[in-house]
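Inside the fold
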Amino acid sequence: MANLVIVESPTKSKTIGRFLGKNYTVKASMGHLRDLPKSQFGVDVDHDFEPKYINIRGKGDLIKELKTLAKKADKIYLATDPDREGEAIAWHLGYLLGVDPESNCRISFHEITPHAVKEAIKHPSAIDMDKVDAQQTRRILDRIVGYKLSPLLWRKIAKGLSAGRVQSVAVKIICDRQKEIDAFEPQEYWTSSVTLTEDKPSQKFTAEVTKKEGKKLVIHNEEEARTVTKELLNQPYAVVSSTVKDRIRRPVAPFTTSSLQQEAVKRLNFTTKKTMMLAQQLYEGITLEKRTPVGLITYMRTDSVHLASVAVTEIRDYIGSAYGDAYLPKKANVYSSRKNAQEAHEAIRPTSVMRTPDEVAPYLERDQLRLYRLIWERTVSCQMAPSVSEVTTLTISGGPYELRASGSVVKFDGFLTLMDKKELAGEKTKKVPHLKEGTPLTLLSVDDAIQHFTEPPAYFTEATLVKELEEKGIGRPSTYATIIQTILSRGYVAKEAKKVMPTELGMTTIDLLTQYFPNLIDVPFSAHMESELDAISEHKTKKETVLKEFYGPFEKELEIADREIPVKPQEVIVSDVKCEKCGRMMVVKTGRHGKFLACPGFPECRNTKPYYEKIGVACPLCGHDLIVRKTKTGRTFYGCSHYPECHFTSWDKPINETCPLCGHIMLEAVQRGGKVVHHCSNPECPNSGAKKSGPKKVSAKAAYVETEGSTEKTVKKAAAKKTTAKKTAVRKTATAKTIGTKKTAAANKTASAKKSASTKKTAVKKMGKE
């Protein structure tokens with residue numbers, strides 16, 4: 001055997017092995033082979049924070065095999081991933097195999113293709129000890145926080161808790177957002193608009209009221225809305241000014257780790273963990289035609305938007321041949337990376353843009369293909385010409401009121417022809433006619449004034465949390481998925497649908513850390529630590545200096561906290577479940593993975609059971625208790641405690657009410673902005689589906705009738721035609737049954753309910769699979 005190449009994963013080793021041929025043996029290290037011990041601190045604080053590394057348990061046979069192969073090899077190449085973690089793995093491998101880190105043993109590549117791998121073999125280098133030191137510093141910092149702070153939380157709050165240096169800051173960001181939402185007080189406001197035309201009703205357009213007597217119009221309540229609506233009925237309308245401009249929309253940069261995770265969450269509904277797992281598979285190699293594995297994308301852990309010149313040339317050639325010269329800019333589009341980005345890396349892109357999604361589709365699983373298509377389209381579009389839309393804006397007078405109408409028509413779709421067909425179609429429908437100044441307009445109708453409420457800050461999703469972490473400089477792109485997965489698994493935050501929100505445990509822990517460890521939990525301080533790690537990797541500072549600066553203040557805070565934090569008494573919650581082994585009533589305990597039932601006879605009796613939270617509602621099918629359950633992805637749903645005998649499940653929370661129309665159990669749904677609505681669980685019932693009462697509306701007729709002092713009967717008749725938000729779904733249905741003219745609407749509701757039933761059944765089946 002001539003040469004030994006060591007990579008991290010088996011898939012990667014198979015792909016590279018086919019490129020290099022018989023003179024090379026390619027083996028996988030399966031990640032790290034050495035690490036700090038789990039059973040002890042493993043850091044000598046008194047001797048420059050010297051770490052104590054041991055071989056990871058269970059990898060003894062693999063280490064022995066690699067040592068045997070290394071003794072026979074003429075040359076050893078360490079080909080781990082091209083980042084700090086990969087550099088550290090290479091250093092540990094060198095230590096175990098007796099490879100001098102200063103020798104030319106290290107090879108790295110950002111795409112797994114024959115050319116990239118063979119070029120890397122031709123230009124080996126020494127291990128970058130600055131990157132190794134940066135990784136070691138991060139590892140030691142995390143060990144200090146985890147092994148010094150976690151025991152304090154066990155003693156003071158509850159056993160099983162743990163604190164992480166970066167994870168705690170992420171939880172604080174989520175808790176701070178929750179406090180903003182809780183403190184938010186919605187403000188009511190209304191908007192009013194009219195429908196106008198120059199001469200033909202078929203060429204109508206809508207204009208929104210913006211000012212009154214030269215001042216910005218703010219409509220605070222329903223009474224003011226009725227007044228405005230009435231006054232708009234009798235005004236002369238004319239065009240005051242008209243502008244037509246071209247709006248140029250440029251394509252966005254190719255993907256970084258962060259932007260890929262955000263787009264995959266928003267467009268594909270992937271978790272960040274799933275996104276990185278699929279990207280890893282596409283990077284390491286997929287077997288295509290002729291049974292040849294090849295990496296389909298470049299390295300997926302990067303914060304750079306740089307594209308290699310060879311790749312740009314290939315992309316431009318493809319655009320010219322596939323879309324024509326009109327879609328190809330005269331010069332290549334260039335994008336700037338954010339500060340501190342590693343420009344030696346590339347953006348995430350296909351290794352060859354000529355491998356279109358349709359071409360590789362037969363060889364990819366469904367989700368692999370969806371992610372590859374997302375990356376391929378983003379990469380091609382970033383080198384396409386911008387789109388051009390013609391934007392028409394009309395300023396209109398209506399007596400004391402000023403109105404505004406705006407619309408756009410796409411003149412040239414540019415990169416949108418590839419990226420956003422739905423958005424492109426939407427822009428084409430927003431038309432406003434070109435009218436000259438002074439053109440009189442005819443009022444066709446005064447549209448309903450619509451009630452709005454200001455909304456609180458939105459809950460974080462995985463996508464927006466990744467964006468927030470990146471903007472604040474918390475962690476690195478490669479760590480975002482791990483951070484989110486860790487705080488979810490430890491119970492500090494939970495996911496409801498797509499919303500990420502703190503649990504009671506998370507709020508309690510963060511309040512304590514904020515009080516006693518202000519530096520640790522401080523966002524700017526954490527961002528500063530990330531900059532210090534970057535400085536180590538760039539040989540601008542030493543790891544010992546950074547560790548000493550952190551440990552001194554942290555040790556003092558730890559002493560004060562241990563002395564001042566009172567021990568929280570652990571409340572004993574006795575359940576109604578009897579231990580079948582000893583007959584005692586089991587109690588609720590909290591562990592690392594959440595609550596569970598345990599026998600109070602421990603250690604004589606070690607019986608444990610899962611803990612299910614009851615919601616106080618009986619199952620409508622069998623009468624047993626309904627409980628809160630979780631899918632494999634952490635999504636909350638509600639099911640029968642008698643499962644699998646009973647299969648009742650619901651995404652929305654059942655409540656102790658029955659539908660007045662059909663008698664089935666009612667469900668509770670929370671809409672955007674925290675609005676709670678109730679609906680029937682029976683999909684055949686007209687009252688099924690989350691009934692959205694929607695905003696209040698004030699019609700022109702209702703406003704006119706009321707302000708002119710018509711009889712009470714006339715006012716009620718006008719109001720019935722435009723039902724307000726105060727009327728519940730039940731009253732709507734009752735009214736529809738008693739009014740003959742509403743028969744058609746009732747029939748439409750029934751058809752809609754049947755369609756909703758089919759959708760709900762599909763959702764229940766999907767829930768069961770999860």
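Everything numeric in this text was worked out from a predicted model, so none of it was measured. Starting from 1, residues in each chain are numbered consecutively following that chain's sequence as written. Where local features are concerned, this predicted model is filtered to residues with pLDDT of at least 70; where side-chain atom pairs are given and counted, the filter is 80 or more; whole-chain, interface and lining totals use all residues. Each side-chain value is derived from all of the structure's non-hydrogen atoms; neither hydrogens nor water enter the calculation.

Notes on the overall build of the chain
- A tally of regular secondary structure across the chain gives 24 helices and 32 strands.
- Whether a residue is buried, partly exposed or exposed follows from its accessible area with a 1.4 Å probe, protein chains only, as a fraction of its type maximum: under 20%, in between, or over 50%, in that order. A buried classification covers 46% of the 770 residues belonging to the chain.
- Residue contacts follow a heavy-atom distance rule, with two residues in contact if any of their heavy atoms lie within 4.5 Å. Across the chain, the fraction of contacts at a sequence separation of at least 24, relative to all contacts at a separation of at least 6, is 66%.
- Using a 1.4 Å probe, the Shrake-Rupley method yields the accessible areas, and only the shown protein chains count as cover for residues. When the accessible surface of the chain is totalled, it reaches about 39900 Å², and 51% of it is carbon and sulfur. Each helix corresponds to a stretch of at least 4 residues labelled H or I by DSSP, and each strand to a stretch of at least 2 residues labelled E; elements are numbered beginning at the N terminus.

Here's the deal with helix H12 (residues 366-381)
- The span you would expect from a helix comes to 1.5 Å times its residue count less one. Over its 16 residues, H12 runs 22 Å from end to end, which matches the ideal 22 Å to within 8%, given 1.5 Å per residue.
- For H12, a buried count of 13 out of 16 residues is recorded, marking the element as mostly surrounded by other parts of the structure.

Some remarks on the packing of helix H10 (residues 309-323) against H12
- Axis definition: a line fitted to C-alpha atoms, limited for helices to the stretch in contact. Angles are taken between N-to-C directions and run from 0 to 180 degrees. The N-to-C vectors of H10 and H12 enclose an angle of 85°; their axes lie 9 Å apart at closest approach. As the angle between them shows, H10 and H12 are arranged roughly perpendicular. Of the residues in H12, those in contact with Ile315, Tyr318 and Ile319 of H10 are Trp376, Thr379 and Val380.
- For the contact of H10 with H12, a count of residues per class yields five nonpolar, one polar and no charged. Angles are sorted into four bins: roughly parallel if under 35 degrees, roughly antiparallel if over 145, roughly perpendicular if 65 to 115, and oblique for all others. When residue character is reported, Ala, Val, Leu, Ile, Met, Phe, Trp, Tyr, Cys and Pro are called nonpolar, Asp, Glu, Lys and Arg charged, and the others, Gly included, polar.

Section: a nonpolar patch on the surface
- On the surface, Val572, Val574 and Met585 cluster together into a nonpolar patch covering about 280 Å² of accessible area.
- On the secondary structure map, Val574 appears in strand S21 (residues 573-578). Two distance rules govern patches: like charges are joined within 9 Å, and nonpolar side chains (Val, Leu, Ile, Met, Phe, Trp, Tyr) within 5 Å, applied only to residues with over 30% relative accessible area and no salt bridge. Just to be clear on terms, a salt bridge is a Lys or Arg side-chain nitrogen sitting within 4 Å of an Asp or Glu carboxyl oxygen.

Concerning a negative patch on the surface
- Positive charges come from Lys and Arg alone, negative charges from Asp and Glu alone, with His and the N- and C-terminal ends not counted. For charged residues, the charge sits on one atom: NZ in Lys, CZ in Arg, CG in Asp, CD in Glu. On the surface, Asp44, Asp46, Glu50, Glu555 and Glu559 cluster together into a patch of negative charge.
- The topology assignment puts Glu50 in strand S5 (residues 50-51).
- Residue Glu50 is classed as partly exposed on the basis of its relative accessible area, which comes to 47%.

Here's the deal with the environment of Ala225
- With respect to the secondary-structure elements, Ala225 resides in helix H7 (residues 222-232).
- The buried category is assigned to Ala225, whose relative accessible area is 1%.
- C-alpha of Ala225 to C-alpha of Ile450: the two residues are 225 residues apart in sequence and 8.4 Å apart in space.
- In contact with Ala225, other than residues within four places in its own chain, are Trp190, Ile219, Ala449 and Val698.

Regarding unusual backbone geometry
- The linkage connecting Phe602 with the following residue, Pro603, adopts the cis geometry, with an omega of 10°.
- When you line up the elements, Pro603 lands in the loop between strand S23 (594-598) and strand S24 (608-610).
- Positive phi values are uncommon outside glycine, yet Phe49 reaches one of about 55°.
- Following the sequence through the fold, Phe49 ends up in the loop between strand S4 (43-44) and S5.

Some thoughts on the side chain of Asp447
- As for its placement among the helices and strands, Asp447 is situated in the loop between strand S17 (440-446) and strand S18 (449-453).
- The side chain of Asp447 is buried and forms no salt bridge, while Lys204, the nearest opposite charge, is found at 8.1 Å.
- Dropping the residues within four chain positions of it, Asp447 is found in contact with Ser193, Val194, Thr195, Thr206 and Val698.

Some points on the sheet that holds strand S30 (residues 665-670)
- Pairing is antiparallel in the open sheet, where three strands are placed in the order S29-S30-S31. Looking at which strands have only one partner, the edges of the open sheet turn out to be strand S29 (653-658) and strand S31 (676-680). Here the strands of the sheet are splayed against their neighbours by 40° on average, with no regard to which way each runs.
- Note: S29 against S30, three bridges, orientation antiparallel. Across the sheet, Pro654 pairs through a bridge with Leu667, a residue of S30. Any two strands between which DSSP finds at least two bridges are classified as paired.

So, the confidence of the model for the chain
- The predicted model of the chain has a mean per-residue pLDDT of 84, with 85% of residues at 70 or higher.
- Here residues 706-770 is a poorly scored stretch, pLDDT under 50, and it has 51 contacts once near neighbours within four places are set aside; other chains count. Known as pLDDT, the predictor's confidence for each residue is given on a scale from 0 to 100.

Points about the sheet that holds strand S25 (residues 614-618)
- Within the open sheet, the four strands sit side by side as S25-S26-S27-S28. Their pairing is antiparallel. A single partner strand is all that each edge strand has here, and the edge strands are S25 and strand S28 (649-650).

Considering the packing of aromatic side chains
- Two rings from Phe, Tyr or Trp (for Trp, the six-membered ring) form a pair when their centres sit within 6.5 Å of each other. Planes less than 30 degrees apart are called stacked, planes more than 60 degrees apart edge-to-face, and all others tilted. Across all of its chains, the model carries eleven aromatic pairs by this definition.
- Considering the side-chain rings of Tyr53 and Trp91, the 6.2 Å spacing of their centres and the 75° angle between planes classify their relative orientation as edge-to-face. Taken together, the positions of Tyr53 in the loop between S5 and strand S6 (54-55) and Trp91 in helix H3 (residues 84-97) put the pair 38 residues apart, joining distant regions of the chain. Of the two residues, Tyr53 and Trp91, neither departs from the other in class, the shared state being buried.

As for the pattern of salt bridges
- Tallying each qualifying case throughout the model produces 32 salt bridges.
- As a salt-bridge pair, Glu346 and Arg349 come within 2.8 Å of each other at their nearest N and O atoms.
- Its relative accessible area of 12% is what places Glu346 among the buried residues.
- By relative accessible area, Arg349 is classed as buried at 4%.
- Ionic pairing is found between Glu580 and Lys609, a salt bridge with its closest N-O pair at 3.0 Å. Highlighted residues: Glu580 in the loop between S21 and strand S22 (585-591) and Lys609 in strand S24, separated in sequence by 29 residues.
- Through salt bridges with shared partners, one network takes in Arg84, Asp303, Arg476 and Asp534.

Description of the nonpolar core
- By size, the foremost hydrophobic cluster in this structure holds 77 residues, and its most contacted members are Leu78, Ile144, Leu149, Phe517, Phe550 and Phe554.
- The element best represented in this core is helix H5 (residues 129-156), accounting for nine residues.
- Residue types Ala, Val, Leu, Ile, Met, Phe, Trp, Tyr and Cys, when buried and joined through side-chain atoms within 4.5 Å, form a set referred to as a nonpolar core. Counting residues in hydrophobic clusters, the runner-up holds 58 residues, among them Ala79, Ile107, Val294 and Val312.

A look at helix H8 (residues 257-268)
- Relative to the 16 Å expected for twelve residues at 1.5 Å per residue, H8 spans 16 Å between its end C-alpha atoms, a close match to the ideal helical length.
- Judged by how many residues are buried, H8 sits mostly within the fold: ten of twelve residues are covered.
- What H8 keeps buried is the set Thr257, Ser258, Ser259, Leu260, Gln261, Gln262, Glu263, Ala264, Val265 and Leu268.

Considerations on the environment of Ile483
- If you trace the backbone, Ile483 turns up in helix H16 (residues 480-489).
- With sequence-adjacent residues up to four places away left out, Ile483 is seen in contact with Val166, Gln167 and Ala170.

Some remarks on the packing of H5 against helix H19 (residues 523-537)
- Put simply, H5 and H19 touch, their axes get as near as 7 Å, and they point 150° apart. As summarised for this structure, H5 and H19 are arranged roughly antiparallel, according to the angle between their axes. Residues Asp130, Lys131, Asp133, Ala134, Thr137, Arg138 and Leu141 of H5 pack against Met529, Glu530, Leu533, Ile536 and Ser537 of H19.
- Across the contact of H5 with H19, the residue classes tally to five nonpolar, two polar and five charged.

Some words on the pairing of strand S9 (residues 193-197)
- A large share of S9 lies buried, amounting to five of its five residues.
- Where S9 and strand S10 (residues 205-212) come together, four bridges link them in antiparallel fashion. Its bridge partner being in S10, Ser193 is matched across the sheet by Glu208.
- Looking at chain direction, S9 and S17 are connected through four bridges and run antiparallel. From the neighbouring strand, Thr197 faces S17, where its bridge partner is Thr442.

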